[in-house]
Amino acid sequence: LTTLRIISIFPILALLTFVSQRNHILMCLLRLEAAVLSLAFIAGISSSLSTLYIFFCIIILSFGACEAGVALAMLVVVTRSYGSDLIKSINLRKC
């Protein structure tokens, strides 16, 4: 039970670092993936409690994979358009 409490801090830490450090788009995407994977890991550890958590874990992982694919496509478009993945270099007036 204490392991579950310690691991439940990981998504919060990933989201806090996502909010506090926003320089590169790729690093923000990696932090979001860390949050999704830690949520799936928590659901996997909790699966001993109920079989519903196993389905919840699969749903989380499938949404994480879809999110990663869309995010990488957006990263490619931004990098080709602006030449870098710096968030500061993106000008919304050009869009």
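See above for the structure.
Residues numbered from 1 in each chain as written. Predicted model: local features only at pLDDT ≥ 70, side-chain atom pairs only at ≥ 80, totals over all residues. Heavy atoms only, no water.

Things to note about the overall build of the protein chain
Right, on to step 1. Of the regular secondary structure elements, the protein chain holds four helices and zero strands.
Right, on to step 2. Helices and strands appear in the protein chain in the N-to-C order α-α-α-α.
Right, on to step 3. Here the protein chain has a C-alpha radius of gyration of 16 Å; the compact-globule value for 95 residues is 12 Å, and the former is much larger.
Right, on to step 4. For the protein chain, the C-alpha atoms occupy an extent of roughly 50 × 25 × 15 Å along the three principal directions.
Right, on to step 5. Pairs at least 24 apart in sequence give 53% of the contacts found in the protein chain among residues at least 6 apart.
Right, on to step 6. For the protein chain, the computed accessible surface area is about 7000 Å², with 74% contributed by carbon and sulfur atoms. (Helix = DSSP H or I, 4+ residues; strand = E, 2+ residues; numbered from the N terminus. Rg over C-alpha atoms; globule rule 2.2 N^0.38 Å. Contact = heavy atoms within 4.5 Å. Areas by Shrake-Rupley, 256 points an atom, 1.4 Å probe, with all protein chains shown as cover.)

Focus: the nonpolar core
Buried together is how nonpolar side chains tend to be arranged in soluble globular proteins.
Right, on to step 1. Core analysis: the biggest nonpolar cluster contains five residues, these being Ile25, Leu29, Ala71, Leu75 and Val78.
Right, on to step 2. Among the secondary structure elements, those contributing two or more residues to this core are helix H3 (25-45) and helix H4 (52-82).
Right, on to step 3. Element by element, the count of residues in this core is highest for H4, at three residues. (Core = buried A, V, L, I, M, F, W, Y, C linked by side-chain atoms within 4.5 Å. Buried < 20%, exposed > 50% of the residue type's maximum accessible area, 1.4 Å probe, protein only.)

Quick look at a nonpolar patch on the surface
Right, on to step 1. Among the surface-exposed residues, Ile6, Ile9, Phe10, Ile12, Leu13 and Leu16 lie close enough to one another that they form a single nonpolar patch of about 580 Å² accessible area.
Right, on to step 2. Of all the elements, helix H2 (residues 10-20) adds the most residues to the nonpolar patch, at four residues.
Right, on to step 3. Mapped onto the elements of the fold, Ile9 is located in the loop between helix H1 (2-7) and H2. (Patch = residues over 30% accessible without salt bridge, like charges linked within 9 Å, V, L, I, M, F, W, Y side chains within 5 Å. Salt bridge = Lys/Arg side-chain N within 4 Å of Asp/Glu carboxyl O.)

A closer look at the packing of H3 against H4
Right, on to step 1. Here H3 crosses H4 at 175°, and the two axes come no closer than 9 Å. What the angle tells us is that H3 and H4 run roughly antiparallel. On the side of H3, the interface is formed by Ile25, Leu26, Leu29, Leu32, Glu33, Val36, Leu37, Leu39, Ala40, Ala43 and Gly44, while H4 contributes Tyr53, Phe56, Cys57, Ile60, Leu61, Gly64, Glu67, Ala68, Ala71, Leu75 and Val78.
Right, on to step 2. Residues belonging to the contact of H3 with H4 are distributed by class as follows: 18 nonpolar, two polar and two charged. (Axes fitted to C-alpha atoms, helices over the stretch in contact; angles between N-to-C directions. Parallel < 35°, antiparallel > 145°, perpendicular 65-115°, else oblique. Nonpolar A, V, L, I, M, F, W, Y, C, P; charged D, E, K, R; others polar.)

Digging into the environment of Asp85
Right, on to step 1. In this fold, Asp85 is placed in the segment after H4.
Right, on to step 2. When its relative accessible area of 18% is taken as the criterion, Asp85 is described as buried.
Right, on to step 3. In this structure the C-alpha to C-alpha distance between Asp85 and Glu33, which are 52 residues apart in sequence, comes to 17 Å.
Right, on to step 4. Excluding residues that lie within four positions of it along the chain, Asp85 makes contacts with Asn23, His24, Ile25, Leu26, Leu75 and Thr79.

Some remarks on H3
Right, on to step 1. Given a rise of 1.5 Å per residue, 21 residues ought to cover 30 Å, and the 30 Å separating the end C-alpha atoms of H3 matches this to within 8%.
Right, on to step 2. Here H3 has its buried residues at Ile25, Cys28, Leu29, Arg31, Glu33, Ala35, Ser38, Ala40, Ile42 and Ala43.
Right, on to step 3. Where H3 is buried, its residues touch H1, H2 and H4. (Expected span 1.5 Å × (residues − 1).)

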